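Now for the letters of each chain:
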Amino acid sequence: MEEKNLTHFYFASPPDEKPFLKEISSGMTDKKFIGDNMLVDFLEKEFQNCTRIMDDFDDLISLAEMELSYLSNLFVYSCFSTWRLVEKSLQVF
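Residues numbered from 1 in each chain as written. Predicted model: local features only at pLDDT ≥ 70, side-chain atom pairs only at ≥ 80, totals over all residues. Heavy atoms only, no water.

(A) Quick look at the overall build of the protein. Check the secondary structure of the protein and you find 5 helices and 2 strands. Its helices and strands in sequence order give the protein the pattern β-α-β-α-α-α-α, from N to C terminus. Here the contacts in the protein between residues at least 6 apart in sequence split such that 43% fall between residues at least 24 apart. (Helix = DSSP H or I, 4+ residues; strand = E, 2+ residues; numbered from the N terminus. Contact = heavy atoms within 4.5 Å.)

Printed below as a string of structure tokens:
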């Protein structure tokens, strides 16, 4: 993180991993950690009056997370995650 001068981090994780990620983030006061629950809350608020979008809310979350990943300087994935395929495909470019 320091070598790449990274200051903001987005975490998407299963519910049982959230306490572990919270523990990591609480030990680093000079970094900004944003959890997937914050993204969900933001999207719910922004699109609450858009019934067509809210009907496919899970797709909206997925699209937002893909965009965050695409715009990021670094992507770290779980070895059990299907998102690792995204990382491998981006390395081609």
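There is more to say after this.
(B) Just the side chain of Ser13, in detail. Counting through the fold element by element, Ser13 comes out in the loop between β1 (8-11) and α1 (18-26). With sequence-adjacent residues up to four places away left out, Ser13 is seen in contact with Lys18, Leu21 and Asp36.

(C) Helix α2 (residues 36-46), seen in detail. If you check which residues of α2 are buried, you get Asp36, Leu39 and Leu43. Mapping the buried residues of α2 onto a view down its axis gives an arc of 55°, with all of them on the same face. Tucked into the core, α2 has its buried residues touching β1, α1, β2 (32-35) and α4 (57-71). (Buried < 20%, exposed > 50% of the residue type's maximum accessible area, 1.4 Å probe, protein only. Arc of directions from axis to C-beta.)

(D) The arrangement of the nonpolar core in detail. Membership of the largest hydrophobic core is limited to 6 residues, which are Leu39, Leu43, Phe57, Leu60, Ile61 and Ala64. Contributions of two or more residues to this core are made by α2 and α4. No other element matches the 4 residues that α4 contributes to this core. Apart from the residues within four sequence positions on either side, Phe57 is in contact with Val40, Leu43 and Glu44. (Core = buried A, V, L, I, M, F, W, Y, C linked by side-chain atoms within 4.5 Å.)

(E) Structural context of the pairing of β1. With 4 bridges connecting them, β1 and β2 associate as parallel partners. Of the residues in β2, the one forming a bridge with Phe11 is Gly35. At this point the chain moves from β1, through α1, to the parallel β2, and the crossover so formed is right-handed. (Pairing = 2+ DSSP bridges. Right-handed = clockwise from strand over helix to strand, strands pointing away.)

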